[in-house]
Each structure stands twice: as structure tokens, then as C-alpha cells.
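Architecture and fold: a report
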Amino acid sequence: MRLEGKRALITGAAGALGSVIAEALAAEGADVAGLDLNAEGLERTAATVRAHGRRAYSASADLTDFDAVQAAVGGVLDDWGGIDILLNGAGGGAVSFFHEMSYETWSTQIDRNLNSVFNVTRAVLPSMLDQESGRIINIASVAAIAGGRLVRGATAYAAAKAGVVGLTKALAIEVADRGITVNCLAPGAQGTGARDNDTPERREALLAQIPTRKLGEPQHLAQTVVFLAAPESENITGVILPLDGGHSI
Ligand SMILES: NC(=O)c1ccc[n+]([C@@H]2O[C@H](COP(=O)([O-])OP(=O)(O)OC[C@H]3O[C@@H](n4cnc5c(N)ncnc54)[C@H](O)[C@@H]3O)[C@@H](O)[C@H]2O)c1
């Protein structure tokens, strides 16, 4: 129980990775609040958290809406009195080739993958500064550091996720002497349900880009989040950690 009594807020908690991370944090003793657009999925995640005997809180909100996020995070802070761990996991890509990309596609990707991280972190950080402690863990993507070789047509997504990488490093420095760490995972392709419909050709093309020839295991990613949230990581900050089977080497 490395996270006994800790209060975690997870964005994208209804999603494939967020739900696995929520359960892993709860299994280590953390209470988990989920923020997501998907209210039904949030309830499924909350049930797994409660099954571990921990408190769960669900708030359905569009994370691209600054005011809605302030209200949703305010609800968690009112109820729980603070947040110890923030996992910014909401996001997702859209394939569009740059020469034909609309401004709307571009800005939607920046909103979903970067502005959402600003909105949530901005809402949570003052309380972490007050309590002089906190762990912020962002999920970017290997696309942020190695371009879009796994998925062509990912320039907007890669740019947004590279923004998350820059935000991570700059914020890590800004709050380093205030008891708060800020780190970032840069996953390669993960073995989530989204990959179930890969044709054999598509799967082989994907694996050919990954030196280990393995998709990421969501449970392993979740244990990396546990590690970055645990006491032994108090002096690790500003790290961008690829979980990509060597794809970005
Ligand atoms: N799965 C992968 O292979 C992979 C690889 C690299 C990076 N990532 C990143 O990991 C994170 C989680 O990915 P996943 O595979 O679990 O995706 P997912 O689609 O299963 O989950 C993403 C969740 O974010 C939520 N979300 C999206 N936009 C939102 C908004 N505006 N407001 C509120 N909620 C919103 C969705 O409702 C969904 O529940 C994403 O940031 C993704 O970019 C995933």
C-alpha cells in the first residue's frame, strides 16, 4: 500500500489507460476522482475503485472548457480537501494530413491534448502549492519526441503532445522547491482494445517500428504511474519517460 491515504485525480479515467491506472492507484491505497466526458465509463471506473475499498468521485466535464474544469476540480477539492496526485491522461489523436488539415482539426487537437492539461493543472496546482506537496504525471506520446512514424498524419497530435512535454519541464522547474514533482510518460502503441481491429498487415507494420516488437502493456504503464506517485520518487522531476519498446531511440 504505497499510496495509502493519497487522493488522486485522473483525467480520462473512463478511457482504456485511465481506467487501468485508476484501479492500480486504488490497489495501492489511493482514493480516485475521475474526470472525463464519458459519465457511464466514469461510473465503471468508480466501481473498480470502490471494490478496492477506496473512495471514488466522478465528475463529467469537457476538459477543454476552462470554467467547467474549475468547477469540476473545485467539487473534488471541496469534498476531499486536497489532491495529492494528478494524472493528466485525457486526450486522443485524429489522423489528418498536414497539407489538407482544417484549422478546426488543428485547434481541436491542441484543445483536447494540450489546453485540457493546462485547464486541469491550473485548477489543481494552487491547492498543491498550499499543501506544499503533489505529484503531477502527464501522458504525452512517443509522437511528441519521435514524430508520427507509428501513425502518419499526426502532426497536430504530435505538436500538442510536444506542448505537454514542454509544459512538464517548465512547470517541474517552477514548482521544484515547493514539494511538487512534474513528470511525463511518452507511450508508444499500447495493447488496448483500440488495437483489437488491427489487420495482420497493420499489426506487422506497427511492430516493425518497435525494436522490442511488443505493444505496451497498460498494466505496466499503470505501475509506472504508481512508481512516480510513490514516496521513493520524491526527487524525480521533469522526466519524459518513453514507454515505447525503443521506438524513439
Ligand atoms: N493507447 C495508446 O496507444 C496511446 C499511446 C500514446 C499516448 N496515448 C495517450 O494516452 C492517453 C489515454 O489514451 P487511451 O488509449 O486510454 O485513450 P481512450 O480514448 O481510451 O481514453 C481517452 C479518454 O479521454 C477522454 N477525453 C477525451 N477528450 C476529452 C475532453 N475534451 N474532456 C473530457 N474527457 C475527454 C475520453 O472520453 C476517453 O475516456 C491519451 O492522452 C492518449 O493520447 C495513448
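For the structure, see preceding data.
The sections below set out a description of the structure shown in this document. (Residues numbered from 1 in each chain as written. Predicted model: local features only at pLDDT ≥ 70, side-chain atom pairs only at ≥ 80, totals over all residues. Heavy atoms only, no water.)

Attention now moves to the site of the ligand. Every one of the 25 residues lining the ligand counts as a neighbour, but Ala-16, Leu-17, Asp-36, Tyr-157 and Lys-161 are closest to it. Here a nitrogen atom of the ligand sits 3.2 Å away from a polar atom, N or O, in the main chain of Leu-37. Protein chains bury 81% of the 820 Å² of accessible surface belonging to the ligand in isolation. Among the residues making up the shell around the ligand, the classes are represented as 12 nonpolar, 9 polar and 4 charged. (Near = heavy atom within 4 Å. Polar contact = N/O pair within 3.5 Å; in protein donor to acceptor, adjacent residues only side chain to side chain. Areas by Shrake-Rupley, 256 points an atom, 1.4 Å probe, with all protein chains shown as cover. Nonpolar A, V, L, I, M, F, W, Y, C, P; charged D, E, K, R; others polar.)

All right, on to the pattern of salt bridges then. Enumeration according to the criterion identifies 10 salt bridges in this entry. Of the charged contacts in the structure, one is a salt bridge between Arg-54 and Asp-31, with a shortest N-O distance of 3.4 Å. With Arg-54 in the loop between helix H2 (39–51) and strand S3 (56–60) and Asp-31 in strand S2 (residues 31–36), this residue pair connects regions lying 23 residues apart in the sequence. Each member of the pair Arg-54 and Asp-31 is classed as buried. (Salt bridge = Lys/Arg side-chain N within 4 Å of Asp/Glu carboxyl O. Helix = DSSP H or I, 4+ residues; strand = E, 2+ residues; numbered from the N terminus. Buried < 20%, exposed > 50% of the residue type's maximum accessible area, 1.4 Å probe, protein only.)

The next thing to look at is the environment of Gly-15. Mapped onto the secondary structure, Gly-15 falls in the loop between strand S1 (7–11) and helix H1 (16–27). For the pair formed by Gly-15 and Ala-140, sequence separation is 125 residues and the distance between their alpha carbons is 15 Å.

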